[in-house]
Structures are given as C-alpha cells and as structure tokens.
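Okay, here's what each chain looks like letter by letter:
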Amino acid sequence: SYNMRKLLGLLLFLSVGFSQITDKNFKSNVNGGVTLAIFESDWQEQPFDKDIIKGISGYEDCEIIYVKSEEAPKATKKLRLRNFPSMVLFYDGSKQETWKADMDGELDCDNKDIKKAISDLFSGDVF
C-alpha cells in the first residue's frame, strides 16, 4: 500500500545518516572529484527512486552523497532547489549539472543521463 511504501521510504531515509551533510561541511563533501548530491526534504511528495542512480556509485569514481535540505538550507537555496528530490552533479566542487524534481517530485532523468553527464566531464569537449 501507499502508506507502507511511504513508511519504508522514511525509514530508509532516516537510516542513511543524513545528519552528516550540513552547510558547514557541504563544500568539503563535493570538493574532490565527481560527486552526485541527492537533495531530499522532510516534506517531499515522492520517496527518492533509487533506480535512477543504479550503477552510478563508483562510475568514474563518482561518489554519492545525500543531503537533507533542512540540514543544509544555504546550499539548497544557493542551488535554487525548491522541489525534492533533486540532484546536482559536482566536479571538484563546481556545479556541472542539475536535475530538479517537478511539482509532483518526479525527476526527468535516468541513470543513462547521469552517466552521460559524468562521461562528458572527462571527454574534453569544450562547447
């Protein structure tokens, strides 16, 4: 049922250790190499769909971090994230790509889109 999925999503959400990423340490967490930051919120409509990031962790040494918007409000505001979940790809601390959820919490991307964005970081194309 929907309520059971919501409860399981919440338990998973709480068990991953979100409290570690805050405004104080956000920059140091996205500074080394490729990092995909997944922003979630206490009030988001949809739980984060883990299928979107299947095969991303470790791809080109990509690290995945989870950020609770309430724990890092300055970073969330600076990145102009209003709907959750949303994802931001960083390379050595600079923002490369952003995938924002729509009003219903749906992300318009899949793991192929993310892998392409990561590969493009190393392709040398400067368009």
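All values derive from a computational prediction rather than experimental measurement.

Novice: Just checking my understanding: could you explain the overall build of the protein for this structure?
Specialist: Along its length, the protein carries four helices and four strands. Taken from N to C terminus, the helices and strands of the protein fall in the order α-α-β-β-α-β-β-α. For the protein, the proportion of its 127 residues judged to be buried stands at 35%. Taken as a whole, the protein presents about 8000 Å² of accessible surface, with 50% of it coming from carbon and sulfur.

Novice: Looking at this model, I keep getting lost on unusual backbone geometry. Mind explaining?
Specialist: Excluding glycine, a negative phi dihedral is what most residues carry, and trans is how most peptide bonds are arranged. Geometrically, the link from Phe 84 to Pro 85 is a cis peptide bond, its omega value of 0° lying close to zero. Residue placement: Pro 85 occurs in the loop between helix 3 (73-78) and strand 3 (86-91). The residue Arg 80 is not glycine, and still its phi comes out positive at about 60°. Unlike most non-glycine residues, Asp 92 shows phi in positive territory, near 50°. Among the secondary structure elements, Asp 92 is positioned in the loop between strand 3 and strand 4 (94-99).

Novice: What am I meant to see in the pattern of salt bridges here?
Specialist: It is possible for side chains of opposite charge to pair when their charged atoms get near one another. In this structure the tally under the stated criterion is three salt bridges. Lys 54 is the salt-bridge partner of Asp 51, the closest N and O atoms lying 3.0 Å from each other. By relative accessible area, which is 52% here, Lys 54 ends up exposed.

Novice: I tried to follow the sheet that holds strand 3 on my own but got confused; where do I start?
Specialist: By way of backbone hydrogen bonds, the strands of a sheet pair with one another, either parallel or antiparallel. Spatial strand order, 2-1-3-4: four strands in an open sheet with mixed pairing. Across the chains shown, the open sheet's two edge strands, defined by having one partner strand only, are strand 2 (63-68) and strand 4. Going from strand to strand, the sheet's axes swing by 25° on average, the running direction of each strand aside. The pairing of strand 3 with strand 4 spans five bridges and is classified as antiparallel. Bridge pairing in strand 4 links Leu 89 to Glu 97.

Novice: Honestly, the confidence of the model for the protein in this entry has me stumped. Any pointers?
Specialist: A low pLDDT score tells you not to read the predicted coordinates there in detail. In this model, the protein carries an average pLDDT of 86, and 82% of its residues clear a pLDDT of 70 or more. Taken element by element, the protein is modelled with least confidence in helix 1 (residues 2-15), mean pLDDT 60, and with most confidence in helix 3, mean pLDDT 97.

Novice: Looking at this structure, I do not really get the environment of Asp 92. What am I missing?
Specialist: Take Asp 92: its relative accessible area is 44%, and that puts it in the partly exposed class. Separated by 58 residues in the primary sequence, Asp 92 and Val 34 have C-alpha atoms spaced 6.5 Å apart. The contact partners of Asp 92, leaving out residues within four places of it in the chain, are Val 30, Asn 31, Gly 32 and Gly 33. Only 2.7 Å separates the side chain of Asp 92 from the backbone nitrogen of Gly 33, close enough to count as a polar contact.

Novice: Help me out: how do you make sense of a positive patch on the surface in this one?
Specialist: Positive charge collects at one region of the surface, where Arg 80, Arg 82, Lys 95 and Lys 100 lie side by side. With respect to the helices and strands, the residue Arg 82 is situated in the loop between helix 3 and strand 3. Of the residues examined, Arg 82 reaches a relative accessible area of 60% and is grouped as exposed.

Reading guide: rules and limits
- Residues numbered from 1 in each chain as written.
- Predicted model: local features only at pLDDT ≥ 70, side-chain atom pairs only at ≥ 80, totals over all residues.
- Heavy atoms only, no water.
- Helix = DSSP H or I, 4+ residues; strand = E, 2+ residues; numbered from the N terminus.
- Buried < 20%, exposed > 50% of the residue type's maximum accessible area, 1.4 Å probe, protein only.
- Areas by Shrake-Rupley, 256 points an atom, 1.4 Å probe, with all protein chains shown as cover.
- Salt bridge = Lys/Arg side-chain N within 4 Å of Asp/Glu carboxyl O.
- Pairing = 2+ DSSP bridges.
- Axes fitted to C-alpha atoms, helices over the stretch in contact; angles between N-to-C directions.
- pLDDT = per-residue confidence, 0-100.
- Contact = heavy atoms within 4.5 Å.
- Polar contact = N/O pair within 3.5 Å; in protein donor to acceptor, adjacent residues only side chain to side chain.
- Patch = residues over 30% accessible without salt bridge, like charges linked within 9 Å, V, L, I, M, F, W, Y side chains within 5 Å.
- Lys, Arg positive; Asp, Glu negative; His and termini not counted.
- Charge placed at Lys NZ, Arg CZ, Asp CG, Glu CD.

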